[in-house]
Structure formats: structure tokens, C-alpha cells
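# Topology and contacts: notes
The primary structure of each chain is shown beneath.
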Amino acid sequence: MTSAVAETPAAPQGDAAPGLSGVSPGAMLWRRLRRKRLALVSMVVIAIVYGAGILAPVLAPYSYAEQNLERTLEGPSSDYWLGTDRLGRDMLSRTLYSARTTLILTVAVVLSGSVVLGVGLGLLSGYRGGWVDGAIMRVGDIFGSVPGLPMLILINATTRPRVDELARWVEEHTILSNELTTTGGASYFTVAVALSLFAWVGMARVIRAQVLQLRERDFVLAAQATGATGARVIGRHLLPNIAFLIILSVSAGLGAIAGSEIVLTWFGVGVQPPAASFGQMIFAGSGARTFQAHPHLLLVPAVVVTALMFAFNLLGDALNDAMRGQ
Amino acid sequence: MAVYIVRRLIWLPFILLVVSFATFSIARFGPGDPLAVAAGQFRDPEILAQVRAERGLDGSVLEQYGRWLSAALRGDFGESFLQQGFSVSELIFPKMWISAQLGLIALVIVFALGIPLGLLASRLSGTWIDPFIISTLLFLRAIPVIVLIPPLLWLFALQLNLLPVGGWGGLFDIWWLGGVVAIPIPDPHLYLPLMAMSIGGFGGVARLVRITALEVQGEDYIRTARAKGLPESVISGRHVLPNSLLPVVTVIGFALTSIIEGAFFVEVLLGIPGIGRFTFEAVVSRDYDVILAMTVITSAVFVLMNLLVEISYTFIDPRIRLGASAAT
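Conventions used here
Residues numbered from 1 in each chain as written. Chains lettered and ligands numbered in written order. Predicted model: local features only at pLDDT ≥ 70, side-chain atom pairs only at ≥ 80, totals over all residues. Heavy atoms only, no water. Helix = DSSP H or I, 4+ residues; strand = E, 2+ residues; numbered from the N terminus. Buried < 20%, exposed > 50% of the residue type's maximum accessible area, 1.4 Å probe, protein only. Contact = heavy atoms within 4.5 Å. Phe/Tyr/Trp six-rings, centres within 6.5 Å; stacked < 30°, edge-to-face > 60°. Lys NZ or Arg CZ within 6 Å of the ring centre and 35° of its normal. Axes fitted to C-alpha atoms, helices over the stretch in contact; angles between N-to-C directions. Parallel < 35°, antiparallel > 145°, perpendicular 65-115°, else oblique. Nonpolar A, V, L, I, M, F, W, Y, C, P; charged D, E, K, R; others polar. Patch = residues over 30% accessible without salt bridge, like charges linked within 9 Å, V, L, I, M, F, W, Y side chains within 5 Å. Areas by Shrake-Rupley, 256 points an atom, 1.4 Å probe, with all protein chains shown as cover. Salt bridge = Lys/Arg side-chain N within 4 Å of Asp/Glu carboxyl O. Core = buried A, V, L, I, M, F, W, Y, C linked by side-chain atoms within 4.5 Å. Buried area = accessible area lost by both parts, 1.4 Å probe. Pairing = 2+ DSSP bridges. Lys, Arg positive; Asp, Glu negative; His and termini not counted. Expected span 1.5 Å × (residues − 1). Bend = angle between axes of the 7 residues up to and from the residue.

Along chain A, the regular secondary structure elements total 13 helices and zero strands. Every one of the 326 residues in chain A was classed for burial, and the buried ones make up 50%. Once local pairs closer than 6 in sequence are excluded, the contacts in chain A between residues at least 24 apart make up 71%.

Next up, the structure:
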């Protein structure tokens, strides 16, 4: 992620932006951000959790689904560093794989929802204007005015069986044997699609507002006057100038996406077992009596999730400050 | 501005139409037949068909939606499958009232504590206390409600035995002083949900108040006030305070949204018979008409709330003119 901040703005602005020569907004942002200690700490925390997610298959001492029914609900020991859960599964391995779930879903939703849908529709809306703009923004208004959480629960609860059917069909007709249904893989797809449906609105509005301003700038008008196609104007002149906005919106939305997955899974309509998720771990550990008898069930996922959310919040704030030139 | 408000209000029914149709189709798309449950153990296909027709569940989705819409326009949201014999409106409004009471009190608490904390932080800026207050509040905001409640319950209900583990007992209990004088005290069931619902809200409010208070302190009119020799108490009470409070109104909408989302989990975990818990049960048991009524009503509330917040901006800051910059 850090490299993305540094690299994207380095894209050549070409001959079209003489007034903006020198430092691109993204590079300026990154320079300011680097001076903030809290922002760097947050990035380290996020990197640790995401790194744990990437390396989960290497790092995890046990399989996330492996049960040892003779050693259930144990506290931390040398065999099980973070203890075991109700089914005798290793909490450390489950935590690592939950981080992997968070990683997969946040990346999938950011890419499909925020970047493809959000940036795409925002650019289209701002650049084309007219009825296209009106239609996209009105659809956005509708998504923005629906209470998100009950809708997400409803969508996930009702469409999951259909997606499972689809997954079974795919398994029968391809070389996949039963990878999709037995690992809970199909539920990742449902959650990602549902979250993407709500993730694009904020991004599209921000991008559109920026494009509306850029559209009137001299370098864009000059490019259009020299006969550049719409695709070229968007790709060469608009995109480099909104790259920093994309980074900003994505990092502001990451925490919300990660949190939504956890909450949906907690309700039982998100990622399905045996796949590991912080939502399941928190659910298994909630209940006052459970917490009294086996605090590690809740504390392990709680500490990781809270640290991650805190890091996302701080990073978002720091980016916001850096944007406003502080 | 009147034109702008009217335009937004005309837009409202259209949003509700789309939202209700989307919800309707999604709900029908799901598996399971609610009538299978409603019909009970002994199913006579003939009676089943009759009940299906009575509930408006026969025909295509469009036909069903049309029937639902025409009834809903007359204020009839159908009958709950889960609690038979009760109309959806009968069930929803009392529960909504409970949730509204809790949410409004939590909102008041968030601002009543968040504003002084933010002012305190701005007053002590430059010392270690300022970042300490703000980062503590931001940390509290990062704890998800579902993580927060079990330890709170364990501490206050099991260890200290101070508060009940859950449920609802109204807002006030009467405490008889000497058997004669009635003193209303808050019901003990209130403390845990209010704690859980408001703890995440302080951070946002306090930080905003701190930033604006710091900005206001650097303004020219504050320097003028100081230059003409006004005592520090008058400066902060007369000039700094009112001017730093204005922007706070703008976050009421955000605060309320986060409280409503939080209330969902608080009600489920603490057994409060409010609208969040009811929606949860309705989704789990596919109580279609309840789900529909809920999404439509909450969408309407959301849209109206956003409009109110926008209108309130113009009263706070006359420089903002609605409609003129609708692009942003």
C-alpha cells in the first residue's frame, strides 16, 4: 500500500500539465504523511495484520479447521500459543486465517466496489455529464439513503443458497472438485458482492466532484482541443490527478469494509464455516458467562480487531490532515 | 431554498418506491417458504393455496408487489408471520419508540460529554493531556460494539453485580423516599446499552470541537477582544464557545447514524425489545412484511434526517446556499 502511494503519482504528467509541473499532489501528500509518527505506526499495524494474512499458510502451526477434541477451551500453552477454542482448534492459526479473510475481502471489495465501480462511475458521471451524470448520481442517492446494515444482512441471507447452488454447478462442470462449497469459498463471493454494492457511492461522489473541477482546467481543455479522445483525456490527464483522491478514499473506507465483514459473519450471514473470520471468533467468545470462564476466546480476536480498526481510523485521519495541508 | 427542499421532497417517494421494490424482490428471491411455517404441521394443499392467496403470496413478483404497494399506500403494511394476528404497524411502532428513546438519550450523552472534553483538550493544547484525551477517545471509537458488550456485562453484571444482564424496564423507576415522596430514578437496565451506544461517539465530537475551538482562538476578533482588555473568562464564554459550537451541529447526522447502527447490536446482545432486535428476528425468520416495512420506514427517516441536517447548515452558516452548489 505504501508503495502505491509513492508510485502512482510518479506517472508522467506529460506535456499537458505545465502549470502543475514539479510535485504531484500524491507525492506531496506522501511527504507530509511520512512526517507523522502515528500514521507510520498505523501503517505498520495494518502491514502486520495483512502480512499475517498473506503468510497464514506458512506461519500457522495448525490447520484453521483441525480439531483436537481432547484439548478444548484451553488457555495459552506451549502447544497452543493463544489457546484453543470450543472445538479444540488452535486460536493462533484461526487468528492468522481470520486476518487472511479480512485481507481477501477488503482487497476484493476495494478493487471491485471502490475502484472499478466507484472510480469508473465517478469518472463517467463527471466527464460525460448530462443525463448519464444524473442517472448515476440518482442511483447513488438511493444506495446512500438505504439503511446499509439490515440490507446487507437481508442480501446475504437470501442470496447465499443461490450462490451455493451456483458454486456446486461450477464444481460439477469444471476441474474443481469441491473446493468452493466445502471451504466456505462461495460465501466470500456473496459477501464481496454485497459489500461492493454499497462501497462505490462515496468514492463515485468524490471522484465526480473532482473531475467536474478538472474538466474546466486549461490542460484538459487543451488536450480536448488538440483532438484527444475521451479515453486518452481520462487516462492521461484526469486519472493521474485524482490518484491521490482514490488512495485517500480507499484508506478511509478500508476500516468500514473490514468491520462490515466481521459484523455480517458475527450475525451468521457472512463468511461461512469452516473458513475462519474474526466475526465468528468474536461470536464464539461473546456471552458474559463465556467471557468469565474463557476470556481468551474473546480477547484474542478483540485485541487484533480493535488494533486494526484503531490503525485504520488513525491512518484515515492522518491522510485527511495531510490533504488539508497540515 | 424552498425550491430545493420541495425538489428533495418530491424525490423522496421515488426513492421509497425503488427501495421497497428492491427489498421486495430480494426477499422473494430467498429460499424457504414462510407459509410452510405458518401452515404448521398438517398441510392441506387446498388450504395452503387459500392462505397463500389471503396473504397475497400468489402470482408473479410484480403482481405481489403491486398488491403490497396499494395496501401500503393506505397505511396497511400487512400481518407479521412470526407473531400471527398482529399487524406489522402494531408491532413496529411500540418497538420503534423504545429504540428512539434510547437513541436520543445516547445522542444527548455523546454531545453532553464530547463537547466539554473537546473544549478541555483545546484549552490544554500544548500539554500531554490534549493528545491523551483525544487518542483515548479515538481508541474507544475503534472498539466494535460486539466486542465491547461481553466485557461490560461481565464486569458490571457478574463481577460487581450492579446492573441487570439485559432486558428493558422503561425509562424511569419510582423510588419511594420514606414511603411518601416519589423520586423518579433511571431504570438500571438503561446504563449498559447507553454506555455501549455512546462510547464510540465521544471521539468524533470532541475532536471536531477541539479543532474548531483552536481555529477560533486564532481569529482576529479574539485578538481584538483580548487587546481591549476583556477578561479571559468573558473571551472564552462569549466569543470562543459559541463560535466553536456551530460546526458541531453538522455532525448530529453522522452521530445519529452511528448510534442507530450500534443500537442494532446492543439490542440483540442485551435483549432490548427495540426495532433493531425486531429487524434481526425478522430477517432470520424471513418475516417478509416486517422486513419490507422496516426498510421503507428507515429509508424515509434517513432521507428526511439528511434533508434536515442540510437545512440546518444554512441556518448555522448563511454563506451556504442550498441548490446553488448541489454538485458537491
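The geometry of an aromatic ring pair is captured by two quantities: the separation of the ring centres and the angle between the planes. Counted under the stated rule, the structure contains 18 aromatic pairs over all chains. Seen in terms of ring centroids, phenylalanine 267 of chain A and phenylalanine 280 of chain B are 4.5 Å apart; in terms of plane orientation they differ by 40°. Their pairing is tilted. Note that phenylalanine 267 of chain A is positioned in helix 10 (residues 230-267) and phenylalanine 280 of chain B in helix 13 (residues 275-284), a pairing that runs across two chains. Taken together, Trp266, Phe267 and Phe283 of chain A together with Phe264, Phe265 and Phe280 of chain B form an aromatic cluster joined through their ring pairs. Across the ring face of phenylalanine 278 of chain B, the terminal group of lysine 95 of chain B is positioned such that the distance to the ring centre comes to 5.0 Å.

Our focus in this paragraph is the packing of helix 5 (residues 130-145) of chain A against helix 1 (residues 2-29) of chain B. At a closest axis distance of 10 Å, the pairing of helix 5 of chain A and helix 1 of chain B adopts a crossing angle of 70°. Classified by the interaxial angle, the pair formed by helix 5 of chain A and helix 1 of chain B is roughly perpendicular. Touching Arg138, Asp141, Ile142 and Ser145 of chain A of helix 5 of chain A are Trp11, Ile15, Val18 and Val19 of chain B, all from helix 1 of chain B. When the residues that make up the contact of helix 5 of chain A with helix 1 of chain B are grouped by side-chain class, the tally is five nonpolar, one polar and two charged.

All names here are of chain B. A surface patch of nonpolar side chains, about 470 Å² in accessible area, is lined by Trp175, Leu177, Val180, Val181 and Ile185. If you list the elements that add at least two residues to the nonpolar patch, you get strand 1 (172-177) and strand 2 (181-186). Within the secondary structure, valine 181 sits in strand 2.

Going from proline 273 of chain A to proline 274 of chain A, the amide bond is cis rather than trans, its omega being 10°. Looking at the element boundaries, proline 274 of chain A is found in the loop between helix 10 and helix 11 (278-285). One non-glycine residue, asparagine 161 of chain B, lies in positive phi territory at about 55°. Positionally, asparagine 161 of chain B belongs in the loop between helix 7 (145-159) and strand 1.

Within the fold, serine 42 of chain A resides in helix 3 (residues 37-59). If we skip the residues at most four places from it in the chain, serine 42 of chain A touches Ala311, Leu314 and Leu315 of chain A.

The biggest cluster of nonpolar side chains holds 152 residues, and the ones touching the most others in it are Phe267 of chain A together with Ile92, Phe111 and Phe265 of chain B. Per-element accounting of this core gives the leading share, 16 residues, to helix 10 of chain A.

If you look at the interface, chain A gives 40 residues, while chain B gives 42 residues. Across the chain A/chain B interface, buried area totals approximately 3800 Å², and carbon plus sulfur atoms make up 78% of it. Between arginine 141 of chain B and aspartate 317 of chain A there is a salt bridge, with its nearest N and O atoms 4.0 Å apart. Of all the elements in the fold, those that place two or more residues in the side of chain A that touches chain B are helix 5, helix 6 (148-173), helix 8 (185-214), helix 10, helix 12 (288-293) and helix 13 (295-323) of chain A. When residues in the side of chain A that touches chain B are grouped by element, the largest group, twelve residues, is from helix 6 of chain A. When grouped by side-chain class, the residues that make up the side of chain A that touches chain B number 25 nonpolar, nine polar and six charged.

Residues and elements named next belong to chain B. Summarising the sheet, strand 1 and strand 2 pair through six bridges and their orientation is antiparallel. Note on strand 2: the bridge partner recorded for phenylalanine 172 is proline 186. Counted along the chain from strand 1 to the antiparallel partner strand 2, the turn is three residues long, and its residue glycine 178 has a positive phi close to 65°.

This part is about the environment of glycine 140 of chain A. Residues and elements named next belong to chain A. Take glycine 140: it is sitting in helix 5. According to the relative accessible area criterion, glycine 140 is buried, its value standing at 3%. Distance in space between the C-alpha atoms of glycine 140 and arginine 205 is 8.3 Å, their sequence separation being 65 residues. In this structure, glycine 140 is in contact with Trp200, Val201 and Arg205, ignoring residues within four places of it in sequence.

Take the environment of alanine 182 of chain B next. Residue and element names in this part refer to chain B. Its location among the elements puts alanine 182 in strand 2. In this structure alanine 182 comes out as partly exposed when scored by relative accessible area, which is 39%. Every residue in contact with alanine 182, bar those within four places of it in the chain, is listed here: Ile174, Trp175 and Trp176.

On to the side chain of glutamate 261 of chain A. Residues and elements named next belong to chain A. Positionally, glutamate 261 belongs in helix 10. Lacking a salt bridge, the buried glutamate 261 has arginine 94 as its closest oppositely charged neighbour, with an N-O distance of 10 Å. Residues contacting glutamate 261, with those up to four places away along its chain left out, are Thr101, Thr102, Leu105, Val191, Leu195, Val271 and Ser277.

Residues and elements named next belong to chain B. Along the polypeptide, alanine 263 turns up in helix 12 (residues 252-270). By relative accessible area, alanine 263 is classed as buried at 11%. Residues alanine 263 and isoleucine 275 lie twelve residues apart in sequence; the distance between their C-alpha atoms is 9.0 Å.

To continue, consider the pattern of salt bridges. Residues and elements named next belong to chain B. Under the counting rule described, the total for this entry stands at 13 salt bridges over all chains. For glutamate 281, the salt bridge is made with arginine 277, and the minimal N-O distance between the two is 3.5 Å. You can see glutamate 281 and its partner arginine 277 sitting in helix 13, four residues apart, about one turn around the helix. Look at arginine 277 and you get partly exposed, because its relative accessible area is 27%.

Residue and element names in this part refer to chain B. The end-to-end C-alpha separation of helix 12 is 25 Å, in line with the 27 Å expected for 19 residues at 1.5 Å each. Its axis deflected by about 25° at alanine 263, helix 12 carries its strongest bend there. The set of residues buried in helix 12 consists of Gly253, Ala255, Leu256, Ile259, Gly262, Ala263, Phe264, Phe265, Val266, Glu267, Val268 and Leu270. A positive backbone phi angle near 60° is found at glycine 271, which sits one or two residues after helix 12.

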